[in-house]
Amino acid sequence: MKHLVFVGLTLFSLVSCKIVHSTSFNSDNSGEISVYIDMKEFAEKMGKGVSKKTEEKLAFDSKKNENLDNLTMVEYIGQTSGISNVTTIVNKKKYTYGLNLKFDNPLSLNEAMNKIQHYVAKGKDSSAVLKTFEYYHFSDKKLTLKEPLKKQNDSQEGDESNEKLEKMTEMISMQWEVSFADRKIKKVNSNLEVIKNGKKQVTLKIDGDEISKRDSETIATIDLK
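Note that the structure is a prediction, hence the values are computed from the model and not measured.

1. A few points about the overall build of the protein chain
Working step 1: From N to C terminus, the protein chain includes seven helices and 13 strands.
Working step 2: When each of the 225 residues of the protein chain is scored for burial, the buried share is 48%.
Working step 3: Per element, the accessible surface of the protein chain, about 11900 Å² overall, is 44% carbon and sulfur.

Below, the structure written as structure tokens:
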């Protein structure tokens, strides 16, 4: 959502859910990413029927956007240069729903991430513009992860909407899982909860009530050996 994050927050109200970005990088910075909503806790609280309704709303390979030439999200993201193998994630046992894709480089990955949000925004507002936010940036032996800050609206209507969104966001956590095929992690700098999984993997977590309190777009910097 914001990242498909974005999708979970803008399409419908979910509670006790987790937005996950799971990214793996090869030595040439190509790789694969899965962006999905983990609804296990939500389904256990609200019942499997609610999960089924959510699954229908997240039909990224069949639901069309009339403001984008009636393309599905899978089709729209699949048109991105350097992006391939775009598929939906539907795991009914684990209650996870989202997208998986392969990318040639960080540039194509960032474009795909921006197009995910653009697809959602375009469905609600035909004038929505495709942004160029840089979610993943490599420089030398360092990877910087970023997430856009929440925008403020000065209007009364905007304030009311922001208040509802903030209450909803407080119950939705976010998680970034990053792994490297051929490189080892030297150091991780982040204000989020950091969990190292061996020498090549790290997980970053933030609770919903902390998401709106961020004052920096930077989620973490990962120094590599």
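Alright, that's what it looks like, and here's the rest.
2. Structural notes on the sheet that holds strand S1 (residues 17–25)
Working step 1: Pairing within the open sheet is mixed, and its seven strands lie in the order S5-S6-S2-S1-S9-S12-S11. Both outer strands of the open sheet, strand S5 (83–91) and strand S11 (193–196), are each paired with one neighbouring strand and no more. Direction aside, neighbouring strands of the sheet carry axes that sit 15° apart on average.
Working step 2: Sitting on the sheet, helix H5 (residues 106–124) touches S1, strand S2 (31–38), S5 and strand S6 (96–103), and the angle it makes with S6 is about 145°.

3. Focus: the pattern of salt bridges
Working step 1: Tallying each qualifying case throughout the model produces four salt bridges.
Working step 2: With a closest N to O distance of 3.8 Å, Lys 142 and Asp 223 form a salt bridge. Highlighted residues: Lys 142 in strand S8 (residues 142–146) and Asp 223 in strand S13 (residues 218–224), separated in sequence by 81 residues.
Working step 3: A relative accessible area of 32% places Lys 142 in the partly exposed class.
Working step 4: What makes Asp 223 buried here is its relative accessible area of 13%.
Working step 5: Among the ionic pairs, Glu 210 bridges to Lys 213, the shortest N-O distance being 3.6 Å.
Working step 6: Here Glu 210 falls in the partly exposed class, since its relative accessible area comes to 37%.
Working step 7: Several salt bridges converge on common partners, so that one network encompasses Lys 142, Lys 187 and Asp 223.

4. Here's the deal with the confidence of the model for the protein chain
Working step 1: Taken as a whole, the protein chain shows an average pLDDT of 84; of its residues, 76% reach a score of 70 or greater.
Working step 2: The element-level mean pLDDT for the protein chain is lowest in helix H1 (residues 5–11), coming to 44, with S8 highest at 98.
Working step 3: Every residue in residues 5–14 scores below 50 in pLDDT, and together they form 39 contacts with partners more than four places removed in sequence or on other chains.
Working step 4: Contacts for the low-pLDDT stretch residues 153–157, under 50 throughout, to residues beyond four places or in other chains number four contacts.

5. Things to note about unusual backbone geometry
Working step 1: Residues other than glycine seldom take positive phi values, yet Asn 70 does so here, at roughly 60°.
Working step 2: Along the polypeptide, Asn 70 turns up in the loop between strand S3 (64–65) and strand S4 (71–72).
Working step 3: Among the residues examined, Asn 70 registers a relative accessible area of 43% and is labelled partly exposed.
Working step 4: Even without being glycine, Asp 140 reaches a positive phi, approximately 55°.
Working step 5: Locating Asp 140 in the fold gives a position in the loop between strand S7 (136–139) and S8.

6. What to know about the nonpolar core
Working step 1: Among the nonpolar cores identified, the biggest contains 50 residues, and Phe 25, Ile 77, Tyr 136, Leu 143, Phe 180, Leu 204 and Ile 222 are the most heavily contacted of them.
Working step 2: Tallying contributions element by element places H5 first for this core, with six residues.
Working step 3: Contacts of Phe 180, omitting those with residues within four sequence positions, involve Phe 25, Phe 138, Leu 143, Ile 185, Lys 200, Ile 222 and Leu 224.

7. Some remarks on the pairing of S11
Working step 1: Bridge analysis of S11 against strand S12 (residues 201–206) gives four bridges, and the strand direction is antiparallel. Paired with Val 194 across the strands is Leu 204, a residue of S12.

8. So, H5
Working step 1: Relative to the 27 Å expected for 19 residues at 1.5 Å per residue, H5 spans 28 Å between its end C-alpha atoms, a close match to the ideal helical length.
Working step 2: Across the 19 residues that make up H5, a large majority, 14, are buried.
Working step 3: Between the side-chain oxygen of the N-cap and the backbone nitrogen of Leu 107 there are 3.1 Å, and the N-cap of H5 in question is Asn 105.

9. So, the environment of Glu 217
Working step 1: With respect to the helices and strands, Glu 217 occurs in the loop between helix H7 (208–211) and S13.
Working step 2: Sequence separation of Glu 217 and Leu 149 is 68 residues, and the distance between their C-alpha atoms is 5.8 Å.
Working step 3: Sequence-distant contacts of Glu 217, defined by excluding residues within four places in its chain, comprise Phe 133, Leu 145, Lys 146, Glu 147 and Leu 149.

Rules of the game
The numbering scheme is per chain: residues are counted from 1 as the chain's sequence reads. With the structure being a predicted model, the display of local features is reserved for residues of pLDDT at least 70 and the display and counting of side-chain atom pairs for 80 or more, all residues being used for whole-chain, interface and lining totals. Side-chain metrics in this entry use all non-hydrogen atoms of the structure; hydrogen atoms and water are not considered. Segments assigned H or I by DSSP are reported as helices when at least four residues long, segments assigned E as strands when at least two residues long, and all are numbered from the N terminus. Classification of residues uses two cut-offs on accessible area relative to the type maximum, computed with a 1.4 Å probe and protein chains only: under 20% is buried, over 50% is exposed, and between them is partly exposed. What sets the accessible areas is the Shrake-Rupley method with a 1.4 Å probe; for residues, cover comes only from the shown protein chains. When DSSP locates at least two bridges between a pair of strands, those strands are taken to pair. Here the axes come from fitting lines to C-alpha atoms, over the contacting stretch only for helices, and the angles between their N-to-C directions go from 0 to 180 degrees. Contacts are assigned to residue pairs with any non-hydrogen atoms lying within 4.5 Å of each other. Here a salt bridge means any side-chain nitrogen of Lys or Arg lying within 4 Å of a carboxyl oxygen belonging to Asp or Glu. A score from 0 to 100, pLDDT tells how confident the predictor is in each residue. To define a nonpolar core, start from buried Ala, Val, Leu, Ile, Met, Phe, Trp, Tyr and Cys residues and group those joined through side-chain atoms within 4.5 Å. Each residue after the first adds 1.5 Å to the expected span of a helix. Residues adjacent in sequence count toward polar contacts only when both atoms are side-chain atoms; beyond that, a polar contact is any pair of N or O atoms within 3.5 Å, and within protein one must be able to donate a hydrogen and the other to accept it.

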